[in-house]
Amino acid sequence: MSAAPVSVHRALAPEEAARGDFYSLLARLLHAAPDAGLLRSIADAEPMAASGDPALARAWQELIDASCAMDADAAQEEYETLFDGVGKAAVSIYAGFYSGATAVDHPRVRLQADMSALGLARRGNVTEPEDHFAAILDVMRVLVVGGAGRSPASVAEQRRFFEGHLQPGVDKFFEALKRASQANYYRKVAALGAAFAALEAESFQLD
C-alpha cells in the first residue's frame, strides 16, 4: 500500500492577499457594473493607511465615497454607455486596441499561448475575447493567489504576464476612461486601477 500524496498550501502573506483582492475587484468592476451588494461592500470598506502608498490610498477612499452615493441602476447605465455603446463604444475595454498590434501579432494570440503554458484557458461559457481587461486582471489574480488545485505562480511568472499583457495598454486604457465625458463612477475606478497598476509595475522592478 502506498500513501496518497499530500499537498500543503501555505497561507498567503497579507500583502499578497491584498494584491489578489485588488486584481479581483478591478476585474469584477470591468466585467460588469457593480450591483447593489458590491456597492454596499465597497462603501463599508475600511480606508487604507496613507503611509503605504498615498496615491492608492487616496484613490481607494474616493471609490469608497463614490460607492456611498452610487446606485446600481445608475452604475449599470454608465457601464453600458462607456463600454457597450451601439456602434463604437465610448472607451474600448480591449488591450489590443491600445497596443497597435497587427492581426498576426495580436495580443489575443500571445495571450492564448501564454495562458495555455500556465495551464489556464477561457471558460467554455465566456464569449468575450481574452484581451478584455477584466480577463487579463483575473488571470493576474489567479497567478497571485492561486486557485482550485493550483498554487500562486512565482514572482517571475507574474512579472512576465504583467509586463507582457497588462502593462503595455493598461495606463492608456485607464487614462481614456478618466477622460471620458460619460464617466462618473468609473472615473474613480480608473483612478484606482491606474494607481494599483503603477504600484505593481514599481514592485516588479524592485523584485
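The following refers to the structure shown.

1. Quick look at the packing of aromatic side chains
Reasoning step 1: In the structure shown here, the tally under the stated rule is 14 aromatic pairs.
Reasoning step 2: Grouped by ring-pair contacts, the aromatic residues Tyr79, Phe83, Phe97, Tyr98, Phe133, Phe173, Phe174, Tyr185 and Tyr186 constitute a single cluster.
Reasoning step 3: Over the face of the ring belonging to tyrosine 94 we find arginine 108, whose NZ or CZ atom lies 5.9 Å from the ring centre.

2. Digging into the side chain of serine 67
Reasoning step 1: When you line up the elements, serine 67 lands in helix α3 (residues 54-69).
Reasoning step 2: Serine 67 sits in the buried class, given a relative accessible area of 3%.
Reasoning step 3: Reaching out from serine 67, the side chain makes a polar contact with the backbone oxygen of leucine 63 at a distance of 2.8 Å.
Reasoning step 4: In this structure, serine 67 is in contact with Leu39, Ile42, Ala43 and Tyr185, ignoring residues within four places of it in sequence.

3. Details of the packing of helix α1 (residues 14-31) against helix α9 (residues 185-206)
Reasoning step 1: The interhelical angle for the contact between α1 and α9, taken along N-to-C directions, is 145°, at an axis separation of 11 Å. Read as a crossing pair, α1 and α9 show a hand that is left-handed. Residues Arg19, Phe22, Tyr23, Leu25, Leu26, Leu29 and Leu30 of α1 lie in contact with α9, whose contacting residues are Tyr186, Val189, Leu192, Gly193, Phe196, Glu200 and Phe204.
Reasoning step 2: When the residues that make up the contact of α1 with α9 are grouped by side-chain class, the tally is 11 nonpolar, 1 polar and 2 charged.

4. What to know about empty space enclosed by the protein
Reasoning step 1: What the rule picks out here adds up to 1 cavity of 30 Å³ or more.
Reasoning step 2: Approximately 30 Å³ is the volume attributed to the largest cavity.
Reasoning step 3: Contributing to the lining of the largest cavity are Tyr23, Leu137, Phe162, Leu166, Val170, Phe174, Gly193, Phe196, Ala197 and Glu200.
Reasoning step 4: Elements that contribute at least two residues to the lining of the largest cavity include exactly α8 (155-179) and α9.

5. Re a negative patch on the surface
Reasoning step 1: Together, Asp71, Asp73, Glu77, Glu80, Asp84 and Glu128 give the surface a local cluster of negative charge.
Reasoning step 2: With respect to the helices, strands and loops of the structure, glutamate 80 is situated in helix α4 (residues 72-83).
Reasoning step 3: Residue classification places glutamate 80 among the partly exposed positions, given a relative accessible area of 37%.

6. Remarks on the pattern of salt bridges
Reasoning step 1: Applying the stated criterion across every chain yields a total of 6 salt bridges.
Reasoning step 2: Between arginine 19 and glutamate 16 there is a salt bridge, with its nearest N and O atoms 2.7 Å apart. In this pair, arginine 19 and glutamate 16 are both assigned in helix α1, 3 residues apart and thus about one turn of the helix distant.
Reasoning step 3: Relative accessible area serves as the criterion here: at 13%, arginine 19 is assigned to the buried category.

Definitions and cut-offs
Residues numbered from 1 in each chain as written. Predicted model: local features only at pLDDT ≥ 70, side-chain atom pairs only at ≥ 80, totals over all residues. Heavy atoms only, no water. Phe/Tyr/Trp six-rings, centres within 6.5 Å; stacked < 30°, edge-to-face > 60°. Lys NZ or Arg CZ within 6 Å of the ring centre and 35° of its normal. Helix = DSSP H or I, 4+ residues; strand = E, 2+ residues; numbered from the N terminus. Buried < 20%, exposed > 50% of the residue type's maximum accessible area, 1.4 Å probe, protein only. Polar contact = N/O pair within 3.5 Å; in protein donor to acceptor, adjacent residues only side chain to side chain. Contact = heavy atoms within 4.5 Å. Axes fitted to C-alpha atoms, helices over the stretch in contact; angles between N-to-C directions. Left-handed = near helix turned anticlockwise from the far one by under 90°. Nonpolar A, V, L, I, M, F, W, Y, C, P; charged D, E, K, R; others polar. 1 Å grid on protein atoms, 1.4 Å probe; cavity = no way out; pocket = protein on both sides within 12 Å on 5 of 7 lines; lining within 4 Å. Points joined across faces, edges and corners; volume = space filled by probe spheres on them. Patch = residues over 30% accessible without salt bridge, like charges linked within 9 Å, V, L, I, M, F, W, Y side chains within 5 Å. Areas by Shrake-Rupley, 256 points an atom, 1.4 Å probe, with all protein chains shown as cover. Salt bridge = Lys/Arg side-chain N within 4 Å of Asp/Glu carboxyl O. Lys, Arg positive; Asp, Glu negative; His and termini not counted. Charge placed at Lys NZ, Arg CZ, Asp CG, Glu CD.

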